[in-house]
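The chain contents come next:
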Amino acid sequence: MSTNTLNPVLIIGGSGVVGRRAVKALRRLQPTLPIWIGGRDRDKAAALASEVGLAEAVRIDLERDDLGLPPDAAVSGVVVLLKDDTLRSMKYAQAKGVPYIAFSDFAFDIGPAVALHAHRPAAAPILFLGHFLGGTMTLATLHLAREFKKVHAIEMGGLFDEEDVGGPAASGDMERLTRGVPSPLIRQDGKFVWASDEAASRVFHSADGTAWTGRAYPLLDVVSLAATTGAATVRLDFAIRAAAQRPQGQGAGFETIIDITGELPDGTTARVRHALVDPDVHSGLSALGAALATERMLGLAGGPPAAPGLHHPEGLLDPAYVVQRMQESGTRIWRV
Ligand SMILES: NC(=O)c1ccc[n+]([C@@H]2O[C@H](COP(=O)([O-])OP(=O)(O)OC[C@H]3O[C@@H](n4cnc5c(N)ncnc54)[C@H](OP(=O)(O)O)[C@@H]3O)[C@@H](O)[C@H]2O)c1
């Protein structure tokens, strides 16, 4: 194995619930990549750094333009696993000319980052990864959509366990979502709509046939899948399952149902549904998505380093490769 000559990749929020697992997933994928684990509590990050090796803890101050790092700090990329509403971390990546990954932006959040990119379009590659499970579900959907000549509709239903909760940063995002933000974005009959009332709810059926009433969620999968497939209808709805409703012998894992309607190569129209079931809590696949995106952005897997510009995961990662990695990590996928 060749030794990595890259500067450390800075993972801000690398000591959090998702972050710890993203750091470990990245270490498995890239054993020689130096990693800086950033947060406010350096001790917490330091414990993880010694556990994963070739890593250092750094204290991050998002109130400072230099993030509290030394002037000569040299990083190969900046990954932000929390909502940085100052965008100083993005400006930092632009100033250094290195890739930037934003993991916590909802569909309604990206305006300020788009403007910062438009202001300096050649400064750095910017990846919006505010997608369901770190982009893995959009990539899996694109993989499953390959059997269609034309896709008309994509409906995703996510079923989370009530005990599958993230850390304080994730709860903060949920609070942000319920306080004064727009209705969820869906694409309906060719139009992007901020859905309210009944349009924001949908009944979907889990793999065992149980009906769940889900609510649309404003993640970036809707715009990614609409742009990539041209589907006139795209939505993503979430429902919560009580621990008592878990299928027998199942823990706090999650399930996603992906319904795709479209035209098959023989000209007939079909609706095909797949179940993706993971025994792990949702931070597992989210972290895998973040790690796969990081190595891809840096040019360590799947192609050369991402060029300056705005990116979405489906523009960088090969769906078949991501699905293979998901299955290796324990996700089961089958046609229902
Ligand atoms: N796209 C996706 O698939 C996806 C999936 C799951 C979660 N998320 C998002 O990912 C984020 C992390 O979730 P989580 O459950 O891992 O939360 P968490 O456990 O609270 O982790 C937050 C991390 O950020 C650090 N941090 C918090 N505030 C900071 C600040 N002001 N400056 C520097 N570092 C700071 C924390 O370390 P210190 O406390 O030491 O500062 C910790 O490492 C949330 O925004 C969540 O909504 C996205």
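Definitions and cut-offs
Residues numbered from 1 in each chain as written. Predicted model: local features only at pLDDT ≥ 70, side-chain atom pairs only at ≥ 80, totals over all residues. Heavy atoms only, no water. Helix = DSSP H or I, 4+ residues; strand = E, 2+ residues; numbered from the N terminus. Contact = heavy atoms within 4.5 Å. Polar contact = N/O pair within 3.5 Å; in protein donor to acceptor, adjacent residues only side chain to side chain. Near = heavy atom within 4 Å. Areas by Shrake-Rupley, 256 points an atom, 1.4 Å probe, with all protein chains shown as cover. Domains from an automatic or database assignment. Axes fitted to C-alpha atoms, helices over the stretch in contact; angles between N-to-C directions. Parallel < 35°, antiparallel > 145°, perpendicular 65-115°, else oblique. Left-handed = near helix turned anticlockwise from the far one by under 90°. Nonpolar A, V, L, I, M, F, W, Y, C, P; charged D, E, K, R; others polar. Buried < 20%, exposed > 50% of the residue type's maximum accessible area, 1.4 Å probe, protein only. Core = buried A, V, L, I, M, F, W, Y, C linked by side-chain atoms within 4.5 Å. Pairing = 2+ DSSP bridges. Salt bridge = Lys/Arg side-chain N within 4 Å of Asp/Glu carboxyl O.

Asker: Help me out: how do you make sense of the environment of Arg-42 in this one?
Answerer: Within the secondary structure, Arg-42 is located in helix H2 (residues 42–52). Note: C-alpha distance between Arg-42 and Val-58 (16 residues apart in sequence) is 6.1 Å. Excluding residues that lie within four positions of it along the chain, Arg-42 makes contacts with Ala-57, Val-58 and Arg-59. Side-chain polar atoms of Arg-42 contact the backbone oxygen of Ala-57, separated by 3.3 Å.

Asker: Hey, could you run me through the site of the ligand in this one?
Answerer: The ligand sits among 27 residues. The nearest are Ser-15, Arg-40, Gly-134, Gly-167 and Asp-173. Here an oxygen atom of the ligand sits 2.7 Å away from a polar atom, N or O, in the side chain of Ser-15. Here an oxygen atom of the ligand and a backbone polar atom of Leu-133 are 3.3 Å apart. Calculation on the ligand without its partners gives an accessible area of 920 Å², and the protein chains cover 87% of this total. The set of elements that each furnish at least two residues to the shell around the ligand consists of helix H1 (17–29), helix H6 (168–178) and helix H8 (282–297). The element best represented in the shell around the ligand is H6, accounting for four residues. Mapping the shell around the ligand onto the domain boundaries places at least three of its residues in each of domain 1 (9–132 + 285–318) and domain 2 (136–281 + 331–335).

Asker: Teacher, can you tell me more about the packing of H1 against H2 here?
Answerer: When two helices pack together, their arrangement is given by the angle between their axes and by how far apart the axes lie. Put simply, H1 and H2 touch, their axes get as near as 11 Å, and they point 20 degrees apart. The angle between H1 and H2 falls in the class roughly parallel. In this structure, H1 crosses over H2, and the sense of that crossing is right-handed. Residues Arg-20, Val-23, Lys-24 and Arg-27 of H1 touch H2, and the partners they reach there are Leu-48, Glu-51 and Val-52.

Asker: I would appreciate a short explanation of the packing of H8 against helix H10 (residues 319–328) in the present structure.
Answerer: Contact pair H8 / H10: the axes reach a minimum separation of 11 Å and the direction vectors enclose 140 degrees. Relative to H10, the element H8 lies oblique. In this structure, H8 meets H10 at a crossing whose hand is right-handed. In contact with Leu-285, Leu-288, Leu-292 and Glu-295 of H8, H10 contributes Tyr-321, Val-322, Arg-325 and Met-326. Residue composition of the contact of H8 with H10, by class: six nonpolar, no polar and two charged.

Asker: What is the right way to read unusual backbone geometry from this model?
Answerer: Negative phi is the rule for most residues except glycine; trans is the rule for most peptide bonds. One non-glycine residue, Leu-133, adopts positive backbone phi at about 50 degrees. By the secondary structure assignment, Leu-133 is in the loop between strand E6 (125–128) and helix H5 (136–144). A relative accessible area of 4% means that Leu-133 is categorised as buried. Its identity is not glycine, yet Asp-197 carries a phi of approximately 50 degrees, on the positive side.

Asker: Explanation requested: the environment of Arg-40 in the structure shown.
Answerer: Structurally, the position occupied by Arg-40 is in the loop between strand E2 (35–39) and H2. Note: C-alpha distance between Arg-40 and Ile-12 (28 residues apart in sequence) is 9.3 Å. Contacts of Arg-40, omitting those with residues within four sequence positions, involve Arg-59 and Ile-60.

Asker: Sorry if this is basic, but what is going on with the environment of Ser-183 here?
Answerer: Note on placement: Ser-183 falls in the loop between H6 and strand E8 (185–188). Overall, the relative accessible area of 26% leaves Ser-183 in the partly exposed class. Along the backbone, Ser-183 and Met-90 are 93 residues apart, and their C-alpha atoms lie at a distance of 26 Å. Once residues within four sequence positions are removed from consideration, Ser-183 is found in contact with Trp-194, Ala-195 and Ser-196. A polar contact is formed between the side chain of Ser-183 and the backbone oxygen of Ala-195, at a distance of 3.5 Å.

Asker: Would you mind showing me how to read the nonpolar core here?
Answerer: Side chains of a nonpolar character, in soluble globular proteins, are inclined to be buried together. Ranked by size, the top nonpolar core spans 69 residues in total, and within it Val-9, Ile-11, Phe-132, Met-137 and Met-326 carry the most contacts. Counting residues per element, this core draws most heavily on H8, at eight residues. Formed jointly, this core draws a minimum of three residues from each of two domains, domain 1 (9–132 + 285–318) and domain 2 (136–281 + 331–335).

Asker: How should the sheet that holds strand E5 (residues 100–102) be read in this particular structure?
Answerer: Pairing is parallel in the open sheet, where seven strands are placed in the order E3-E2-E1-E4-E5-E6-E15. Every other strand in the sheet has two partners, leaving strand E3 (55–59) and strand E15 (309–311) as the edge strands with one partner each. When strand polarity is set aside, the average angle formed by the axes of neighbouring strands in this sheet is 20 degrees. The pairing of E6 with E15 spans three bridges and is parallel. In the sheet register, Pro-125 faces E15, and the bridge partner there is Gly-309.

Asker: Is there a simple way to think about the pattern of salt bridges in this case?
Answerer: Should their charged atoms come close, side chains of opposite charge can pair. Per the stated rule, a full pass over the model turns up 20 salt bridges. Asp-109 serves as the salt-bridge partner of Arg-176, at 3.0 Å between the closest nitrogen and oxygen. Within this pair, whereas Arg-176 is found in helix H6, its partner Asp-109 is found in the loop between E5 and helix H4 (111–119), the two being separated by 67 residues in sequence. Given the relative accessible area of 11%, Asp-109 is considered buried. Arg-202 serves as the salt-bridge partner of Asp-237, at 2.7 Å between the closest nitrogen and oxygen. Pair noted here: Asp-237 is in strand E12 (residues 233–241) and Arg-202 is in strand E10 (residues 201–205), with a separation of 35 residues, a long-range link. Note on accessibility: Asp-237 and Arg-202 belong to one class, buried. Look at the salt bridges and you will find they share partners, linking Glu-155, Asp-259, Arg-271 and Arg-273 into a network.

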